[in-house]
Amino acid sequence: MGRGSLVLLRDPVGPVINADRIQGIVVLGFGIALLVWLVPSYVTRVPGDPLDPSMFPRAAGWIISGLGLAQILLAQPGGSVPDGREVFGVICFIVALLIAALLLPLLGFLPVACGLMIASLVLLRERRPLWAATTLIGVPFFVWFLFTIVLSRSLS
Amino acid sequence: MIGFSLLLAGFADVFTPINLMFILGGVILGQIVGAIPGLSIIMALAIAVPLTYGMDTLAAIAFLISVNKGGTVGGAVPAILLNVPGSAESAATTMDGHPMAKNGKPLKAMKYALYHSVSGDLASDIVLILLAAPLAIVALNMGPVEITALMILAFTVISGLVGDSMIKGLISAAFGILVATVGLDPGMATPRFTFGILELYDGVPLTAVSIGALAMSGVLVGLLGMRASDKKNQTSAISMKGRTREQSVVTFAEFWANRFVALRAFVIGTVIGAIPGLGSTTAGFLSYSVNKQAAKDPEAFGKGDARGIAASETANSAVVGANLIPLLTLGIPGNIAAALLVSAFIIHGIQPGPLLFQQQAQLVYGMFGAMLVANFCNLGVGQIGMRFWAMVVSAPGTVIYPAAMLLCFAGSFVITGATFGVFVMITAAVFGYLMRAFGYSIVAFIVAFLLTPQLESAVVRARLITNDDPMELFSHPIALVLIAMSVASIIYLGPRKKKPLDVDMPPPTGQ
């Protein structure tokens, strides 16, 4: 298998409460929340009108609820849950991206991009000078050059 | 009937310096990305879509198609040299490609892959060109009731065929429908799920969602894999130095000797490509299995037999052209690559579907011309570049994945010209990662997200036509048949634990 596969996965808790069933409960819960709160609060309803704006959101809510229930009742054995280390890694990368997005209007693309690359190198524990320099300097300048010079698209 | 002059004009549009340059650039980019294990062509396409914003429509479509075609060729390089497919569709190529390389013929193996890939792709493009216009005429006779039923069938088939669980596939599709309803509703222009955010009045930007769910979530998985592993590099690729002519060259006689294998593979790939939900990976493995079983000496497969490479590469490339048949005739993308092409069409204000042949015939034939030209560019670039791509396969992940992450970041910013696009991309990336982690189909989500506006429009018109009377369905027999097929697909594909097209795979050989 190539690099990048999800390798840090745990087995489910047991045959009755397993990963599939837990997911079904979450999906069912979301479907119910959609029908009783989100759609009534955030979508206009015009009952009986073919142009009713709430038709598709309600349909999606019913389908999601029904399928969540089906997933609970027909839960497959086995299933997987991401490992704690993996979740922590995802959170770190997402936080780095969010910070970069918030700082982009203030600092501009190149400083933010270099900062994001530093965060990547730290999280990936890359210590080889040549590759670290390529990632830290070469990659941001390549992306900047591609978008702003070649494609004439602004990045700030 | 399409005028011959329009057809010629469309083909002639391709032969401008700009369009040829984008075709060549797309092929080169596709082959490079395809050659890098861990990066998929889907990622490349998702990132490439915002790059086409400022381009002419034909140039944009030609570029994206060329990236897709280049990727199917490039994916064979690491499959052969590293026993690691550069893209999923090249997985079957490892079975005979890598053994042939280990037998001292790596360049020969790559040339077999190149020639059969290009020939399969070219043949399926010709099928597309011959069939698309007549099928579009048939599709034009479908009304909103039939279109609604057809889309329901497409959802159930795609949900059932991709991933391991139909329930999860349908859940993914339902979430795609839900996200697509964000924004102003098409009937009364009232805001839906905008939460007071002005940017959401135009809906969730499709390209940002595609980049996040498809590309960025894959990059996250790759980064986590690098983080967890002490190995920062790939295993060294098999060297191509010091080979004799016999070990490096594929003669015409050797290529022609596999013609029956290639023909079988072409038919399999084209049929599978025309069915929404099935993709190149299925075609490659099925073709390999069928050709192995049809051979007089099946025991030769898996030991570096050229027929194995021909079977896999011809089939997985034949899917590329055929995938556009449901897209151009019905407006339904057959796979993610086609779905991303749809997003490019929409960006340029064009709605794919049967009306495309009436409203934009010259563009369609220009696209066909670009596809044919891209095949020849693929051949030329592959011949010259495969020694260089062999170096690319060993590029470290600690450079590749952060670069892909930054391209996603920049691409999603460019979409809206503001950080809103980036935040949408990040949200979609988290969602996409969770879908990958828990086995939900991103393909079903994206296709549903893409088709929902069209489906909603068809449902509204169908309700107006039938006056909300279910008995009116009986006066639409085609719609009834399509709904029956949807039910049948749920029954047949729903309870399965394995995909319906299982093929025997040899035990993993490892690196």
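Computed from a predicted model, the values in this text were never measured in an experiment.

Caption draft 1: Quick peek at the overall build of chain B. A count of helical and extended segments in chain B gives 23 helices and two strands. Whereas a compact globule of 511 residues would reach a radius of gyration of roughly 24 Å, chain B reaches 22 Å, a difference of no more than 12%. Oriented by its inertia axes, the alpha-carbon framework of chain B measures out at about 75 × 50 × 45 Å. Residues counted as buried form 63% of the 511 residues belonging to chain B. At a minimum sequence separation of 6, the contacts of chain B that also span at least 24 residues come to 80%.

Caption draft 2: Fine view of the overall build of chain A. When helices and strands are counted, chain A shows five helices and two strands. Walking chain A from its N terminus toward its C terminus, one meets helices and strands in the order β-α-α-β-α-α-α. The buried share of chain A, reckoned over its 156 residues, is 33%. Here the contacts in chain A between residues at least 6 apart in sequence split such that 62% fall between residues at least 24 apart.

Caption draft 3: Inspection of the interface of chain B and chain A at higher detail. At the interface, 57 residues of chain B touch 55 residues of chain A. Mapped onto the side of chain B that touches chain A, the elements with two or more residues apiece are helix H9 (166-180), helix H10 (206-228), helix H20 (397-416), helix H21 (419-438) and helix H22 (442-466) of chain B. Counting residues per element, the side of chain B that touches chain A draws most heavily on H20(B), which supplies 12 residues. For the side of chain B that touches chain A, the per-class residue count stands at 39 nonpolar, 11 polar and seven charged.

Caption draft 4: Molecular detail of the nonpolar core. In terms of nonpolar packing, the biggest core is built from 215 residues, with B:Leu45, B:Ala62, B:Leu64, B:Ala370, B:Ala404, B:Cys408 and B:Ile446 touching the most fellow members. Mapped onto the domain boundaries, this core takes at least three residues apiece from domain 1 (9-81) and domain 2 (84-150) of chain A. Once residues within four sequence positions are removed from consideration, B:Leu64 is found in contact with B:Gly26, B:Leu45, B:Ala48, B:Val49, B:Thr52, B:Leu340, B:Leu341 and B:Ala344.

Caption draft 5: Main features of the domain arrangement of chain A. When its domains are assigned, chain A resolves into domain 1 (9-81) and domain 2 (84-150). Here the C-alpha centre of domain 2 of chain A lies 36 Å away from the C-alpha centre of domain 1 of chain A.

Caption draft 6: Spotlight on the confidence of the model for chain B. Per-chain confidence: chain B averages 83 in pLDDT, with 91% of residues scoring 70 or above. Considering only residues more than four positions removed or in separate chains, one finds that residues 497-511 of chain B, a stretch of pLDDT under 50, has 16 contacts.

Caption draft 7: Spotlight on the packing of H20(B) against H21(B). Residues and elements named next belong to chain B. Where H20 contacts H21, the axes come no closer than 6 Å and their chain directions differ by 130°. Taken together, the axis directions place H20 and H21 in an arrangement best described as oblique. Judged by the twist between their axes, the crossing of H20 over H21 is right-handed. Contacts from Cys-408, Phe-409, Ser-412, Phe-413, Ile-415 and Thr-416 in H20 reach Thr-419, Phe-420, Gly-421, Val-422, Val-424 and Met-425 in H21. Its residues placed into classes, the contact of H20 with H21 shows eight nonpolar, four polar and no charged.

Caption draft 8: Representation of helix H3 (residues 41-51) of chain B in the model. With 11 of its 11 residues buried, H3(B) lies for the most part within the structure. Those residues of H3(B) not exposed but buried are B:Ile41, B:Ile42, B:Met43, B:Ala44, B:Leu45, B:Ala46, B:Ile47, B:Ala48, B:Val49, B:Pro50 and B:Leu51.

Caption draft 9: Focus on the environment of B:Gly397. Tracing the backbone shows B:Gly397 in helix H20. For the pair B:Gly397 and B:Met142, spaced 255 residues apart in sequence, the C-alpha separation works out to 49 Å.

Caption draft 10: Layout of helix H17 (residues 336-347) of chain B. Residues and elements named next belong to chain B. Here H17 is 12 residues long and its end C-alpha atoms lie 17 Å apart, about the 16 Å a rise of 1.5 Å per residue gives. In terms of burial, H17 is largely enclosed, as 10 of its 12 residues are buried. By the burial criterion, the buried members of H17 are Ile-336, Ala-337, Ala-338, Ala-339, Leu-340, Leu-341, Val-342, Ser-343, Ala-344 and Phe-345. Just past H17, the residue Gly-349 takes up positive phi, approximately 75°.

Caption draft 11: Structural detail: unusual backbone geometry. Residues and elements named next belong to chain B. A positive phi angle, close to 60°, is found at Ala-189, a residue other than glycine. You can see Ala-189 is positioned in the loop between strand S1 (183-184) and strand S2 (191-192). Owing to 10 C-beta atoms within 10 Å, Ala-189 belongs among the exposed residues under this scheme. Here Phe-193, not a glycine, exhibits a phi torsion of approximately 50°, which is positive.

Caption draft 12: Just the environment of B:Leu363, in detail. Residues and elements named next belong to chain B. Note that Leu-363 resides in helix H19 (residues 361-392). When the 19 C-beta atoms within 10 Å are taken as the criterion, Leu-363 is described as partly exposed. Sequence spacing of Leu-363 and Asp-125 is 238 residues, and the spatial spacing of their C-alpha atoms is 16 Å. Not counting the four nearest positions on each side in its chain, Leu-363 is found in contact with Thr-57 and Leu-58.

Caption draft 13: Just the packing of helix H5 (residues 129-150) of chain A against H20(B), in detail. Contact geometry for H5(A) and H20(B): axes closest at 10 Å, N-to-C directions at 30°. Judged on the interaxial angle alone, H20(B) and H5(A) are roughly parallel. For H5(A) against H20(B), the interelement crossing comes out right-handed. Residues A:Trp131, A:Thr134, A:Thr135, A:Val139, A:Pro140, A:Val143 and A:Phe147 of H5(A) pack against B:Thr398, B:Val399, B:Pro402, B:Ala403, B:Leu406, B:Leu407, B:Ala410 and B:Val414 of H20(B). Taken together, the residues of the contact of H5(A) with H20(B) break down into 12 nonpolar, three polar and no charged.

Caption draft 14: Representation of the environment of A:Ala113 within the structure. All names here are of chain A. Mapped onto the elements of the fold, Ala-113 is located in helix H4 (residues 109-124). Ala-113 gets classed as buried once you count the C-beta atoms within 10 Å, which come to 26. With 77 residues separating them along the chain, Ala-113 and Val-36 place their C-alpha atoms 43 Å apart.

Calculation notes
Residues numbered from 1 in each chain as written. Chains lettered and ligands numbered in written order. Predicted model: local features only at pLDDT ≥ 70, side-chain atom pairs only at ≥ 80, totals over all residues. Helix = DSSP H or I, 4+ residues; strand = E, 2+ residues; numbered from the N terminus. Rg over C-alpha atoms; globule rule 2.2 N^0.38 Å. Buried ≥ 20, exposed ≤ 12 C-beta atoms within 10 Å, placed from the backbone. Contact = placed C-beta atoms within 7 Å. Nonpolar A, V, L, I, M, F, W, Y, C, P; charged D, E, K, R; others polar. Core = buried A, V, L, I, M, F, W, Y, C linked by C-beta atoms within 7 Å. Domains from an automatic or database assignment. pLDDT = per-residue confidence, 0-100. Axes fitted to C-alpha atoms, helices over the stretch in contact; angles between N-to-C directions. Parallel < 35°, antiparallel > 145°, perpendicular 65-115°, else oblique. Left-handed = near helix turned anticlockwise from the far one by under 90°. Expected span 1.5 Å × (residues − 1).

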